[in-house]
Amino acid sequence: MRVLDPECSGPAQREVEGSIKIRVNGEQRAISVGMTVGQLLRDLQIGPERVAIELNLQIIDRREFDQRTLQEGDRVEIISFIGGGGEGMGQL
């Protein structure tokens, strides 16, 4: 399969062989055929311990990240957990 590299535009746009198109947080991205959710996170340099992954409107269990293979047209939402709070949090 051949897709256009989303990192290049206009005349500089090139084709990438062995790739599929998915959407990550609303942006189109070309990834390698056979890439898993875990590999996508590593490619994006995102640690899996502080994120939730929604794949095609379903939350994926963290234990499945390295087994769940992404498919053409998949929609991935990466939701980051943000820590915080401090003194007085939770008091009314």
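Summarised in this report is the structure supplied together with it.

Conventions adopted
- Residues numbered from 1 in each chain as written.
- Predicted model: local features only at pLDDT ≥ 70, side-chain atom pairs only at ≥ 80, totals over all residues.
- Heavy atoms only, no water.
- Pairing = 2+ DSSP bridges.
- Helix = DSSP H or I, 4+ residues; strand = E, 2+ residues; numbered from the N terminus.
- Axes fitted to C-alpha atoms, helices over the stretch in contact; angles between N-to-C directions.
- Buried < 20%, exposed > 50% of the residue type's maximum accessible area, 1.4 Å probe, protein only.
- Contact = heavy atoms within 4.5 Å.
- Salt bridge = Lys/Arg side-chain N within 4 Å of Asp/Glu carboxyl O.

Below, the discussion takes up the sheet that holds strand 3 (residues 19-24). In spatial order, the strands read 4-3-7-5-6; together these five strands make up an open sheet with mixed pairing. On the outer flanks of this sheet lie strand 4 (27-32) and strand 6 (58-60), each paired with one strand and no other. The average angle at which neighbouring strand axes cross in this sheet is 35°, direction not considered. Relative to strand 7 (residues 75-80), strand 5 (residues 51-55) runs antiparallel, the two sharing five bridges. Directly across from Glu 54, in strand 7, lies its bridge partner Glu 77.

Let us now look at the pairing of strand 7. The side chains of a regular strand alternate between both faces of the sheet. The sheet contact formed by strand 3 and strand 7 spans two bridges and is parallel. Each bridged residue has a counterpart across the sheet, and for Arg 23 the counterpart in strand 7 is Arg 75.

Here the focus is the environment of Glu 49. Tracing the backbone shows Glu 49 in the loop between helix 1 (37-43) and strand 5. The spatial distance from the C-alpha of Glu 49 to the C-alpha of Arg 62 is 8.0 Å, given a sequence separation of 13 residues.

With respect to the secondary-structure elements, Thr 36 resides in the loop between strand 4 and helix 1. Take Thr 36: its relative accessible area is 8%, and that puts it in the buried class. Once residues lying within four places of it in the same chain are set aside, the contact partners of Thr 36 are Phe 65, Asp 66, Arg 68, Thr 69 and Leu 70.

Scanning the entire structure with this criterion turns up three salt bridges. For the salt bridge of Arg 42 with Asp 66, the shortest nitrogen-to-oxygen distance reads 3.1 Å. Residue Arg 42 is found in helix 1, and its partner Asp 66 is found in the loop between strand 6 and strand 7; the two are separated by 24 residues along the sequence. Relative accessible area serves as the criterion here: at 43%, Asp 66 is assigned to the partly exposed category. Across the pair Arg 63 and Asp 61 runs a salt bridge, and its minimum N-O distance is 2.7 Å. Accessibility expressed as a relative area gives 69% for Arg 63, which makes it exposed.

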